[in-house]
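Below, each chain spelled out in residue letters.
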Amino acid sequence: MSCPVCKSADVLDLVDVGDMPILCNELCPTEEVAREVPLGAIQLCFCRNCGHVFNGVFDGSKVEYSPDYENSLHCSGMFQRYADDLATHLVERYDLRNKRVIEVGCGQGDFLSSLCAAGDNTGFGFDPSYQGGNDDPRLTIRPLSFSEVEGKLVGDLVCCRHVLEHIDEPTKFLRALASKLESGTAVVFEVPNVLFTLRDGGIWDIIYEHCGYFSPSSLRHAFQLAGLEVHELEESFNGQFLVVHAKVSDTVLTAASEDASLEELAASFADTYRDKVSQWRKELGDAHAEGARVVAWGAGSKGNTFLNLVGKGVSAIVDINPKKRGKFVAGTGQPIVAPEHLVEYPPALVVIMNPAYETEIAASLRKLGLEPRLLVA
Ligand SMILES: [Zn+2]
C-alpha cells in the first residue's frame with residue numbers, strides 16, 4: 001500500500017475503525033432505510049514520509065454524491081460568522097474587488113455568495129450536489145464534478161473548501177487543477193486538520209467519505225508536488241481546519257521535510273482512540289442503566305460517527321438545519337429533530353458533537369427553558 005499524497009510505501013497502521021456508513025451526510029427518509037445504508041471499512045494508516053493519514057482500504061467507487069447529500073453548516077450562526085470572516089479576509093488579502101472568483105465544490109453556493117458580496121465580485125462554482133435555486137445574480141453555478149468541467153478556468157482566486165479530503169488521489173487532483181489555471185493564479189484550500197484528531201482527540205471526525213486526513217505537512221507535500229507553491233498554512237476554526245494559501249508555479253517545487261512530532265502523535269493515536277471509545281460506551285451505558293434520556297446535538301459528520309461507534313442507545317439527535325428534520329441518521333436510525341422537540345421530550349443529558357458550538361447550544365437550551373447535563377463528545 002502506498003500513500004495517496006506522496007506515493008511512499010513507508011506506511012504505519014494506526015487504527016481499525018470498522019464498518020461505517022459510506023455517506024454519513026445522506027438524508028434517510030425512514031428509520032429502516034437509515035439502518036440499511038451501505039457500509040464501508042475504515043482502516044487508518046499514517047505515512048511516515050509526508051505525515052498524511054488515510055483510509056488504507058478506501059474504495060472510491062462506493063461513494064457517489066447526489067442532491068440528497070446535505071452537509072451545509074451554514075445554519076449555525078457561529079459557522080456563518082466564521083465563513084463570512086474568511087470571505088472578508090480573502091477579499092482583503094487578494095484585493096478581490098470587481099474580480100472573478102471560482103469555487104471548486106461550492107455546495108449550494110453559500111460561501112461563493114459571501115465572497116462575491118464582500119467585494120462586488122462575480123463567481124463561478126461547480127458541485128455535483130448542487131440542487132439549483134441559488135438566485136444570487138453574481139453567481140453562475142453548474143451541477144458538475146471537477147472532471148466534467150471543460151477548458152481553462154480563468155479567475156483571480158480559486159478556492160476550494162472541504163473537498164480535498166474526499167478525493168482518493170489528492171495530488172493528482174491538484175495537478176489537474178493547476179493545469180487548468182494560469183501561472184500565478186492564487187489558490188486557497190480549506191480542509192479538516194488531522195492534528196485536531198491526533199492531538200486533540202477529535203476521533204469523531206473519522207468518516208468514510210474522508211479518505212484522506214491532512215496534516216500541515218501532508219497538505220504542503222500535496223501542493224508542492226502538484227506545482228502549487230505554498231505561501232502560508234494556518235490553523236483555523238479552533239484548530240479544526242487548515243487553510244493553505246498557494247499560487248500556481250511554473251517551476252519545479254521540492255516537498256517540505258517531515259515533522260517528527262507528528263509520528264509520535266500518530267504512534268499514540270490507537271490508545272487515544274480506544275480510550276475515548278470505551279469511556280463513551282461506559283458513560284452512555286451508565287445513563288441507559290439509570291433510565292436517563294440522552295440526545296446528541298449536531299447531526300453532521302461528527303454526530304454520525306459518534307452514534308455509529310458508541311451511541312446506538314441515544315434517543316434522538318438535534319440539528320438546527322431544517323432540511324435534516326424528520327430524517328434519520330445513516331447507519332443507526334435515530335430521528336433528527338428540531339431543538340423545540342426537546343421541550344416535549346426533555347433530555348437528562350445532551351452530548352454536544354462539536355466543542356466549537358458549545359456556547360451556542362447552551363444558549364439555545366436555556367432559551368427553551370431546559371437545563372440538562374451537557375457533555376462535549
Ligand atoms: Zn505520504
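My aim in this report is to walk through the structure given alongside it, one point at a time. (Residues numbered from 1 in each chain as written. Predicted model: local features only at pLDDT ≥ 70, side-chain atom pairs only at ≥ 80, totals over all residues.)

## Overview of the overall build of the protein chain
At step 1: Broken down by element type, the protein chain carries ten helices and 16 strands.
At step 2: Dimensions of the protein chain, computed from C-alpha atoms along their principal axes, come out at roughly 65 × 50 × 35 Å.
At step 3: Taken over 377 residues, the protein chain has a buried fraction of 46%.
At step 4: Here the analysis covers contacts within the protein chain between residues at least 6 apart in sequence; of these, 67% occur between residues at least 24 apart. (Helix = DSSP H or I, 4+ residues; strand = E, 2+ residues; numbered from the N terminus. Buried ≥ 20, exposed ≤ 12 C-beta atoms within 10 Å, placed from the backbone. Contact = placed C-beta atoms within 7 Å.)

## Some words on unusual backbone geometry
Generally, phi is negative for residues other than glycine and the peptide bonds are trans, each holding for most cases.
At step 1: Within the chain, Asp95 stands out as a residue other than glycine whose phi angle is a positive 50°.
At step 2: Secondary-structure assignment places Asp95 in the loop between α2 (77-93) and β4 (100-104).
At step 3: The exposure class of Asp95 is exposed, given the 11 C-beta atoms found within 10 Å.
At step 4: Within the chain, His162 stands out as a residue other than glycine whose phi angle is a positive 60°.
At step 5: Within the secondary structure layout, His162 lies in the loop between β7 (157-161) and α4 (170-179).
At step 6: For His162, a count of 18 C-beta atoms within 10 Å puts it in the partly exposed group.

## Details of helix α7 (residues 260-289)
At step 1: Across its 30 residues, α7 extends 44 Å between first and last C-alpha, which sits within 8% of the 44 Å expected from 1.5 Å per residue.
At step 2: Of all the bends in α7, the greatest, near 40°, is centred on Ser268.
At step 3: Within α7 the residues assigned to the buried category are Leu262, Ala266, Phe269, Tyr273, Leu284 and Ala287.
At step 4: The inward-facing, buried residues of α7 contact β1 (11-21), β2 (39-47), α5 (194-198), α6 (216-225), β12 (294-297) and β15 (349-352). (Expected span 1.5 Å × (residues − 1). Bend = angle between axes of the 7 residues up to and from the residue.)

## As for the sheet that holds strand β11 (residues 241-248)
At step 1: Taken in spatial order, the seven strands make up an open sheet running β6-β5-β4-β7-β8-β11-β10, and their pairing is mixed. Since the sheet does not close on itself, it has two edges, and those belong to β6 (139-142) and β10 (228-236), each with one partner. On average, adjacent strands in this sheet sit at an angle of 15° to one another, irrespective of strand direction.
At step 2: Pairing of β7 with strand β8 (residues 186-192) involves five bridges; the strand directions are parallel. Paired with Cys159 across the two strands is Val188, which belongs to β8. (Pairing = 2+ DSSP bridges. Axes fitted to C-alpha atoms, helices over the stretch in contact; angles between N-to-C directions.)

## Description of the pairing of β12
At step 1: Burial along β12 is two-sided: the face carrying Val294 and Ala296 and the face carrying Val295 and Trp297 are both buried.
At step 2: Two strands pair when backbone bridges link them, and β12 and β15 are joined in this way by four bridges, in the parallel orientation. Following the sheet pairing, Trp297 is matched in β15 by Ile352.
At step 3: Pairing of β12 with strand β13 (residues 316-318) involves three bridges; the strand directions are parallel. The partner of Trp297 across the bridge, within β13, is Val318.
At step 4: You can see the chain leave β12, run along helix α8 (residues 301-309) and come back into β13, and the turn it takes is right-handed. (Right-handed = clockwise from strand over helix to strand, strands pointing away.)

## Topic: the sheet that holds β1
At step 1: Ordered by their spatial adjacency, four strands build an open sheet running β1-β2-β3-β9, and the pairing between neighbours is antiparallel. Across the chains shown, the open sheet's two edge strands, defined by having one partner strand only, are β1 and β9 (212-213).

## Considering the nonpolar core
Soluble globular proteins tend to pack their nonpolar side chains together in the buried interior.
At step 1: One finds Val295 and Ile317 to be the most contacted residues of the largest nonpolar core, which totals 109 residues.
At step 2: With six residues, the top contributor of residues to this core is α7.
At step 3: Ignoring any residue separated from it by four or fewer positions in sequence, one finds Ile317 in contact with Val295, Ala296, Ala299, Gly303, Leu307, Val329, Gln334 and Ile336. (Core = buried A, V, L, I, M, F, W, Y, C linked by C-beta atoms within 7 Å.)

## Structural notes on the pairing of β4
At step 1: Among the five residues that make up β4, four are buried, leaving the element largely enclosed by the rest of the structure.
At step 2: Taken together, the five bridges between β4 and strand β5 (residues 122-126) define a ladder with parallel strand orientation. Considered in β5, the bridge of Ile102 is made with Phe124.
At step 3: Taken together, β4, helix α3 (residues 110-119) and β5 constitute a β-α-β crossover, and its handedness is right-handed.
At step 4: Bridge analysis of β4 against β7 gives three bridges, and the strand direction is parallel. Looking at β7, one finds that Glu103 is bridged to Cys159.

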